[in-house]
Amino acid sequence: MFPTILFFIFAAVLIGAALGVILSRNPVYSALLLVLCFFNASVIWVLLDAEFLGIVLVLVYVGAVMVLFLFVVMMLDLNLERLRREFAGYWPLTVAVAGFAVFAMINVIVVKHLGGAGLQTAPALAANYSNTRTLGVELFTRYAYPSQVAALILLVASVAAIVLTLRQRKGGKPQDIAQQVAVRAKDRVRIVKMASEKKL
Amino acid sequence: MWDWTPIRDWLSGYITPYWTFPALTVVQALIVMIGIILVMAVYTLAERKVIGWMQLRRGPNRVNLFWIPGLGQPFADVVKLIFKEILIPADANGFLFRVAPFLALVPALGIWAVIPLRPEHAFANIDAGLLYVLALTSMGVYGIILAGWAANSKYAFLGAMRSAAQIVAYEIAMGFAMVGVLMASGSLNIGEIIHAQRGLFGWNWTWLFPLFIVYFISGVAETNRAPFDVAEGESEIVAGFHIDYSGMAFALFFIAEYVNMILISALTSIFFFGGWLSPFDGWLSSDSWLAQPSFFWLAPKVFFFMFVFLWFRATFPRYRYDQIMRLGWKALIPVTLIWLLVEGIMVYSHVGPWKGHP
């Protein structure tokens, strides 16, 4: 009972925040509402006993990805007026995509599972069931090669992104620490012997 | 902090058992929060005193409490801050400007839910405690970014951007160091991480020494403390992200920073120094009180690392920003990666503390 109430509360906030992401006038608010979306989705996952996925969603998306998004959104000078004018023109595409998503969900729930009657409630979990351990065992035994391949693709992508954007700025003055450490006094300071002035 | 059964029984006479659990949890959370805020208050005084002594000054010694000179200083500061007006700049984004201090403080206090302060006791003994800690520490940056942006000031914004880039960079090294801890104990549960450490030289700091160093340095950088305090950078950008905050709004950022310092100290002592385990465990017979795990073994470890924070601040000059980035990306991350490989080989070949590991 209580989890059901929680589910509906968080699902309502999730939908409201998701609408806010696309409707808010301020891009910073959009990014923050997306953070709220991630939070609510993560709570719903935790309610489904998938605490590993829930926490990792917050860790990766809220903790790292959205921080960089906010970083960029705050730095950019977005021309919202122009974006907003074009926004309404995209409605046929939007309706098509949303229609397909709704159709796919109905297909899964109603057609494949006999109107939800074929859906089984998940079996109750053992008291010492560890979501994290189960996922880890699966990832490192059964799905070891797919996860390795995914990791490799991500590595290639990040290296490529760095190579594409790496440029040596002209006229920079980088320090060479080894050179600085190797400097000896006689390289820099010249001691000049001068005769002292005669007292008049 | 003690046996709650009689209180639970007493409570259940008044409210249904369904509500005793939340009621008790709220009470326990309040006790820990108030305790931490008090420690934080004394910590601000300790900072000024310790740095003062290191620089051959006296530190605050005017406000007496219990006839101890200076002990009343934090409370005098609080009274002053409460009665100051909270100014909101005319061009600031009012809503985010007001929300930002809370976004900084709430994650800092929320992490304490999974920290076991005494043996076998944490408010939320959750399975993925380590991940929860990582997720919430990475949340603290939102308060700083939003404060910098909402104030609509260039100095504040510069501070916020510096802090965001720095925290994201050091989070990676911190996460890798935690992966090492996770490999050593084979669990994400903080209680089990402590239990996996055996004896003074079997605590994680011996076998994971490089990871311990990396973790603590990243922790100092994550809390924006000297020598990584470019987000505040008094000499360059005045006070960084909280330049436009006054009164209690400023104090909330201040509290969040100090609570985070206490937290990093607590986590370092839990992950690498055996938490509430006794250093005499295994040397003295197990029925000796000195060998018993207790809160009184955790506290000195935490206080030591809190002292190290102050020591750093009094000793090191501030890093330049590109040097901070180089240290984070080019020194700390490779160190953790190499040590994870070494540790993996050690675990695989059952040497050291992993002898007899399945």
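Residues numbered from 1 in each chain as written. Chains lettered and ligands numbered in written order. Predicted model: local features only at pLDDT ≥ 70, side-chain atom pairs only at ≥ 80, totals over all residues. Heavy atoms only, no water.

A.B. asks: Sorry, what's going on with the domain arrangement of chain B here?
C.D. replies: Interface size, as often reported, equals the accessible area lost upon joining of the parts. Residue and element names in this part refer to chain B. When its domains are assigned, chain B resolves into domain 1 (1–83) and domain 2 (84–354). When each unit is reduced to the centre of its C-alpha atoms, the spacing between domain 1 and domain 2 is 20 Å. Facing 20 residues of domain 1, the contacting portion of domain 2 comprises 26 residues. Around 2300 Å² of area is buried between domain 1 and domain 2 when both sides are counted, 80% of it from carbon and sulfur atoms. (Domains from an automatic or database assignment. Contact = heavy atoms within 4.5 Å. Buried area = accessible area lost by both parts, 1.4 Å probe.)

A.B. asks: How should I be thinking about the confidence of the model for chain A in this particular structure?
C.D. replies: Should pLDDT be low for a region, the predicted coordinates there are not to be read in detail. A residue-level look at chain A finds 88% of positions with pLDDT of 70 or above and a mean pLDDT of 83. The spread of mean pLDDT over the elements of chain A runs between helix α4 (residues 80–87) of chain A, the lowest at 69, and helix α7 (residues 144–165) of chain A, the highest at 92. (pLDDT = per-residue confidence, 0-100. Helix = DSSP H or I, 4+ residues; strand = E, 2+ residues; numbered from the N terminus.)

A.B. asks: Before we go on, may I ask you to explain the environment of valine 133 of chain B in this structure?
C.D. replies: All names here are of chain B. On the secondary structure map, valine 133 appears in helix α5 (residues 129–137). With 23 residues separating them along the chain, valine 133 and glycine 110 place their C-alpha atoms 9.1 Å apart. Contacts of valine 133, omitting those with residues within four sequence positions, involve Ile111, Val114, Met178, Ile190 and Leu267.

A.B. asks: What is the right way to read the pattern of salt bridges from this model?
C.D. replies: Side-chain pairs of opposite charge can arise where the charged atoms are in close proximity. Under the defined criterion, the tally for this structure stands at 7 salt bridges over all chains. The salt bridge partner of glutamate 138 of chain A is arginine 142 of chain A, with a shortest N-O separation of 3.6 Å. Judged by its relative accessible area of 29%, glutamate 138 of chain A falls in the partly exposed class. For arginine 142 of chain A, a relative accessible area of 60% gives the class exposed. One connected set of salt bridges, linked through shared partners, spans Glu47, Arg225, Glu257 and Arg313 of chain B. (Salt bridge = Lys/Arg side-chain N within 4 Å of Asp/Glu carboxyl O. Buried < 20%, exposed > 50% of the residue type's maximum accessible area, 1.4 Å probe, protein only.)

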